[in-house]
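One letter stands for each residue in the lines below.
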Amino acid sequence: MTNFSTIYKLSVVALTFLLVEASTSSCPVLECWFVQEKAGRGGGLTGATTQEKSLLHIQTDSHDAASQKTPTDINPERVYFVTDPAATLCHHSLNPPRGSVKKPQCEINPFLPQPSSLTWVASLTDSALSPIYLDAEWFSSAFQGLNEQLGISTITRAPTGSKEHNVILSVTSKTLSVKSRLGEPVLLDCGFWADPSSPLSGSGFAVEWRYQFRGNGRVVVAYDGKRDRLADTQEEGAMLDFDGLHKKGNASLILQEAKVRHSGTYICSVYLPYLLAQV
Ligand SMILES: *[C@@H]1O[C@H](CO)[C@@H](O)[C@H](O)[C@H]1NC(C)=O
């Protein structure tokens, strides 16, 4: 019996240790470029941008905000705490071992929530919504993990004046680069997560896949998830997995047969009312 309880205690200790490890070491502190447009004289935008170093402390729970030292070359005004309950930003490719030369890439931009007039998105904002929630500080951020393992784009919100952001929408892709033989099916990965506690989630989403090549673009698939309707722009042989899309946020695009004309860049955009994130 004593032996048993010792083993039991040891395993509890081990488990606690694992949990502590997981919550303290798996979410990164990321150095990012904070990029915004320069306000011109008279309040207009000049088109020029400013770029400042910033620091993001990623956490899965707003209670574990750690007080850590900020590198001296970073303005304390540009240090943020980002709570990501889905832990998307805690992926190992964004958290290289200390001292490693290669760093994940990251850029933050101020974001202005606004309704979209695209036909497959417009239904999301057709009901009146409390503008108070939108009246906050919004950022759009783009991340790229080491070795092109993962691309993530997030929309985060902080109460005005606060440095504590919450991820409201995140979109990811594991296929930043894809090669395929002609005639074979191709999967372009895309997935999204929306904060269930946000008033913007649960009132529908929309997904759009766009193809871009040498300045030309076209919509491959566009889907209004609120009205369960596909736009008629749909390209032949391009499909979404609607079940996975509604149940798990799996917005991956399947091209049934790779053709020469398919080569190029594909952008997966996910819309919530007033929000948009794309990879
Ligand atoms: C997303 O859906 C595609 C097509 O059904 C599937 O091949 C892929 O494994 C799914 N991805 C995830 C993460 O479930």
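See the structure printed just above.
No experiment lies behind these values; they were computed from the predicted model shown. (Residues numbered from 1 in each chain as written. Predicted model: local features only at pLDDT ≥ 70, side-chain atom pairs only at ≥ 80, totals over all residues. Heavy atoms only, no water.)

K.L.:
I'd like a description of the state of the cysteines, backed by residues and values.
P.N.:
Inspection of every chain in the model, using the stated rule, returns three disulfides. Across a sulfur-sulfur distance of 2.1 Å, Cys-27 and Cys-90 are joined as a disulfide pair. The sign of the 90° torsion about the S-S bond sets the Cys-27-Cys-90 disulfide as right-handed. Of the two residues, Cys-27 is situated in the loop between helix 1 (2-25) and strand 1 (29-39) and Cys-90 in the loop between strand 3 (79-83) and strand 4 (105-110); the sequence distance between them amounts to 63 residues. By relative accessible area, Cys-27 is classed as buried at 12%. Cys-90 sits in the buried class, given a relative accessible area of 11%. (Disulfide = S-S within 2.5 Å. Helix = DSSP H or I, 4+ residues; strand = E, 2+ residues; numbered from the N terminus. Buried < 20%, exposed > 50% of the residue type's maximum accessible area, 1.4 Å probe, protein only.)

K.L.:
Which residues make up the site of the ligand, and what are the values?
P.N.:
Taken together, the residues surrounding the ligand are Leu-187, Asp-241, Lys-248, Asn-250, Ser-252 and Ile-254. Measuring from an oxygen atom of the ligand, one finds a side-chain N or O atom of Asp-241 at 2.9 Å. Take Lys-248: an N or O atom from its side chain is 3.5 Å from an oxygen atom of the ligand. Taken together, the residues of the shell around the ligand break down into two nonpolar, two polar and two charged. (Near = heavy atom within 4 Å. Polar contact = N/O pair within 3.5 Å; in protein donor to acceptor, adjacent residues only side chain to side chain. Nonpolar A, V, L, I, M, F, W, Y, C, P; charged D, E, K, R; others polar.)

K.L.:
Please give an account of the sheet that holds strand 15 (residues 265-272) that cites residues and values.
P.N.:
Reading across the sheet, the five strands line up as 12-11-10-15-16 and stay open at both edges, with antiparallel pairing between neighbours. A single partner strand is all that each edge strand has here, and the edge strands are strand 12 (229-230) and strand 16 (275-278). The pairing of strand 10 (residues 206-213) with strand 15 spans seven bridges and is antiparallel. By the bridge assignment, Ala-206 is partnered in strand 15 with Tyr-271. (Pairing = 2+ DSSP bridges.)

K.L.:
So what's going on with the nonpolar core? Which residues, and what values?
P.N.:
Core analysis: the biggest nonpolar cluster contains 35 residues, and Trp-138, Leu-169, Trp-209 and Leu-253 have the highest contact counts within it. In terms of residues, this core owes the most to one element, strand 15, which gives four residues. If sequence neighbours within four positions are ignored, Trp-138 has contacts with Asn-109, Pro-110, Phe-111, Pro-113, Tyr-133, Ile-155, Thr-156, Arg-157, Ile-168, Leu-200 and Leu-275. By size, the runner-up hydrophobic cluster in this structure holds 18 residues, among which are Cys-27, Leu-30, Cys-90 and Phe-139. (Core = buried A, V, L, I, M, F, W, Y, C linked by side-chain atoms within 4.5 Å. Contact = heavy atoms within 4.5 Å.)

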